[in-house]
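# Structure assessment
Now for the letters of each chain:
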Amino acid sequence: MSLSLILCAAILPAQAQTATAKAGPADPTDSRASVPAVQYSSTLARYRPIQETPPVSWQQANEKANQAGGWRAYAREKAEADDRPTSPTAPASPASQVTKPAPAAKGHEGHAPR
């Protein structure tokens, strides 16, 4: 046998493997298939604990609240939030236009009123 024939026999299977690897994803049932290395990244790696605020005297806390408008300002904010509609309201209809309830569906006439 010639040296070139031996070289071809040695190189050909290696080229066939690279061609099949480039052809598509590996067969999931193949236990010899190469897979990427598993990487673990903790979700808590970037966690920063809450920074404690330095305690202040009650006089300083009261003064800060007074500068903000005192308890009345907080009560006013709450009242304004409660007064705001949560959804758009329909235009008010005149009091003279009273709507009647829809008639009951047929087949329910025999029920006693509650």
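This structure is a prediction, so every number in the text was calculated from the model and none was measured. (Residues numbered from 1 in each chain as written. Predicted model: local features only at pLDDT ≥ 70, side-chain atom pairs only at ≥ 80, totals over all residues. Heavy atoms only, no water.)

### Digging into the overall build of the protein chain
Test applied: For helices the rule is a DSSP run of H or I covering at least 4 residues; for strands it is a run of E covering at least 2, with both sets numbered from the N terminus onward. Only the protein chains shown count as covering a residue, and every accessible area follows the Shrake-Rupley method with a 1.4 Å probe.
Counting its regular elements, the protein chain contains three helices and zero strands. Order of helices (α) and strands (β) in the protein chain, N terminus to C terminus: α-α-α. Surface accessibility of the protein chain: about 12,000 Å² in total, with carbon and sulfur atoms responsible for 59%.

### Here's the deal with the pattern of salt bridges
Counted only if it meets this: Each reported salt bridge corresponds to a side-chain nitrogen of Lys or Arg within 4 Å of a carboxyl oxygen of Asp or Glu.
As enumerated under the stated definition, the model contains one salt bridge in all. We note a salt bridge from D82 to K78, for which the minimum N-O separation is 3.1 Å. Separated by four residues within a single helix, D82 and K78 lie in helix α3 (residues 70-83), roughly one turn from each other.

### Observations regarding the environment of V35
Note on placement: V35 falls in the loop between α1 (3-23) and α2 (58-67). When the C-alpha positions of V35 and P25 are compared, they lie 9.9 Å apart, and in sequence the two are 10 residues distant.

### Observations regarding the confidence of the model for the protein chain
Just so we agree on the cut-off: pLDDT is defined as a per-residue confidence score from the predictor, taking values between 0 and 100.
When the pLDDT values of the protein chain are averaged, the result is 76; 60% of them are 70 or greater. Model confidence for the protein chain, summarised as mean pLDDT per element, is weakest for α1 at 59 and strongest for α2 at 90.

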